[in-house]
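Each chain, letter by letter, is given below.
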Amino acid sequence: MTQKTALVCGAGGFIGGHLVKRLKSEGFWVRGVDLKFNEHADTEADDFVIGDLREQSVVRSVVDRRFDEVYQLAADMGGAGYIFTGENDANVMHNSATINLNVLDACHKRNIKRVFYSSSACMYPEHNQLDPDNPNCAEDSAYPANPDSEYGWEKLFSERLYLAYNRNHGMECRVARYHNIFGPEGTWEGGKEKAPAALCRKVALAEDGSNIEVWGDGLQTRSFLYVDECVEGTTRLLRSEFEGPVNIGSEEMISINDLAKMVIAISGKDITINNIPGPEGVRGRNSDNRLIAERLNWAPEQPLKTGMEKTFGWISGEIARRHNQKAA
Ligand code: NAD
Ligand code: GDD
């Protein structure tokens, strides 16, 4: 039997790094491409190309064969501190849209059928996410469109691009809407980190008896999906007959203050919460998993706490490692 091949765009990133490991464990020959290597783990890809997917020539050179599976995860992205300040809007839209236009067209020209595209829950309309206890993120609530960030508008445009190639060019692209993915080997400092990693870092660094800063009143809600379950849902969707768009997220909704309390309890420290102004995004968001359960006969189920324990352990370890390096 010939070995299956996969291309992972954004393989130097958080989810891409985990996906490469998964595909290797399944026996694939994997090419990764990214602007950079992953900062936290050596890549397991057979071939790793450092390249800029905004450049058509780079994209054509990495899409040089009929890969069995292509995963397009490369994007200019970050957490609330990156996408809700407004300062990065032009770059986010330009960079991510250019990547998607290039990768999809190169795949079409190579006669590749299956491309996975990672959209985001950020494409859902703001008006359905005003009530923190009752957000509506059912897939069919996407229109009339009204995302609260340019990042979300780019995701919506690109979703439509992939589905248009399905309709007009006979492709079989698959579109998922990820809901806040977290876990080890993700960004945990520098401004692009999301709430789970940011809160783990703050708690790990805080002295016993002190406080940590949490943006907003802490009553805003989200759900968070552990990266292994995200990768599971991703490969299942790509290999299924369902094109999506479909949510890949957890239905375990929690307020941000309760998430902070969970991390504090995991740490065993005596720490209080100081709510301060900061970029907040939508008031409430939760995955709605009815469609994925119906179409893929699968939905994630790991409790949030299990993943947060692993993530806190990993970030604490990174901080300790750095501390020891400085001391040596
Ligand atoms: P990430 O930032 O860790 O990974 C994205 C990777 O894309 C980075 O390594 C980056 O260097 C690379 N990249 C950016 N511009 C590039 C370019 N011009 N050429 C080549 N590579 C480039 O993010 P992630 O958390 O792994 O997310 C992966 C995908 O999933 C992204 O498309 C993101 O928008 C989407 N998504 C993620 C989440 C989440 O919570 N992590 C939620 C919704 C959607
Ligand atoms: N990042 C961060 N850091 N967020 C904090 C912090 C902090 O120190 N303190 C409180 N928060 C609050 C934010 O104000 C926001 O209301 C909430 O935690 C969640 O923030 P993030 O995890 O950064 O982002 P998000 O859920 O609003 O959006 C993320 O998820 C989308 C998919 O669901 C982003 O990563 C998007 O890029 C992604 O597409």
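Quick look at the structure, then. (Residues numbered from 1 in each chain as written. Chains lettered and ligands numbered in written order. Predicted model: local features only at pLDDT ≥ 70, side-chain atom pairs only at ≥ 80, totals over all residues. Heavy atoms only, no water.)

Description of the overall build of the protein
The secondary structure content of the protein amounts to 10 helices and 13 strands. A globule of 328 residues ought to have a C-alpha radius of gyration of about 20 Å, and the protein, at 19 Å, matches this closely. Counting only C-alpha atoms, the protein reaches 60 × 55 × 40 Å along its principal axes. Counting across all 328 residues of the protein, residues that qualify as buried make up 54%. By element, 48% of the accessible surface of the protein is carried by carbon and sulfur atoms, the whole surface being about 14,400 Å². Taking the average place of the 37 positive charges on the side chains of the protein and the average place of its 48 negative ones, the gap between the two points comes to 5 Å. (Helix = DSSP H or I, 4+ residues; strand = E, 2+ residues; numbered from the N terminus. Rg over C-alpha atoms; globule rule 2.2 N^0.38 Å. Buried < 20%, exposed > 50% of the residue type's maximum accessible area, 1.4 Å probe, protein only. Areas by Shrake-Rupley, 256 points an atom, 1.4 Å probe, with all protein chains shown as cover. Lys, Arg positive; Asp, Glu negative; His and termini not counted. Charge placed at Lys NZ, Arg CZ, Asp CG, Glu CD.)

Considering the site of ligand 2
With respect to spatial proximity, 26 residues lie near ligand 2, and among them Ser120, Lys194, Lys202, Pro279 and Glu280 are the closest. Separating an oxygen atom of ligand 2 from a backbone N or O atom of Gly78 is a distance of 2.8 Å. Expressed as a share of its isolated accessible area of 710 Å², the protein-covered part of ligand 2 is 98%. Broken down by secondary-structure element, the contributors of at least two residues to the shell around ligand 2 are helix H3 (80-83), helix H6 (195-205) and strand S8 (211-215). It is H6 that contributes the most residues to the shell around ligand 2, three residues altogether. When the residues that make up the shell around ligand 2 are grouped by side-chain class, the tally is 14 nonpolar, six polar and six charged. (Near = heavy atom within 4 Å. Polar contact = N/O pair within 3.5 Å; in protein donor to acceptor, adjacent residues only side chain to side chain. Nonpolar A, V, L, I, M, F, W, Y, C, P; charged D, E, K, R; others polar.)

Here's the deal with the site of ligand 1
Near ligand 1 there are 26 residues, and of these Phe14, Ile15, Asp34, Tyr151 and Ile181 occur at the shortest range. Taking Ala75, its main chain carries an N or O atom lying 3.4 Å from an oxygen atom of ligand 1. Here an oxygen atom of ligand 1 sits 2.7 Å away from a polar atom, N or O, in the side chain of Tyr151. Protein chains shield 92% of the accessible area of ligand 1, which is 820 Å² for the free molecule. Only helix H1 (14-25), strand S5 (115-120) and helix H5 (150-169) provide two or more residues apiece to the shell around ligand 1. Ranked by residue count, the leading element in the shell around ligand 1 is S5, at three residues.

Thoughts on the sheet that holds strand S11 (residues 246-248)
Strand order in this open sheet of seven strands is S3-S2-S1-S4-S5-S6-S11, and the pairing throughout is parallel. At either margin of the open sheet sits one strand with a lone partner, and together these are strand S3 (47-50) and S11. Neighbouring strand axes in the sheet, compared pairwise and without regard to direction, differ in orientation by 20 degrees on average. Relative to strand S4 (residues 69-72), strand S1 (residues 5-9) is paired through four bridges, and the arrangement is parallel. Within S4, the position partnered with Val8 by the bridge is Tyr71. (Pairing = 2+ DSSP bridges. Axes fitted to C-alpha atoms, helices over the stretch in contact; angles between N-to-C directions.)

Section: the nonpolar core
Among the nonpolar cores identified, the biggest contains 30 residues, and Val8, Ile15, Leu23, Phe116, Tyr178 and Ile181 are the most heavily contacted of them. Taken together, the elements giving at least two residues each to this core come down to S1, H1, strand S6 (174-178), helix H7 (227-238), S11 and helix H9 (290-296). Once residues within four sequence positions are removed from consideration, Leu23 is found in contact with Ala6, Val8, Phe28, Val30, Glu69, Tyr71 and Arg239. In terms of nonpolar packing, the next biggest core, distinct from the first, is built from 26 residues, Leu7, Trp29, Tyr117 and Leu163 among them. (Core = buried A, V, L, I, M, F, W, Y, C linked by side-chain atoms within 4.5 Å. Contact = heavy atoms within 4.5 Å.)

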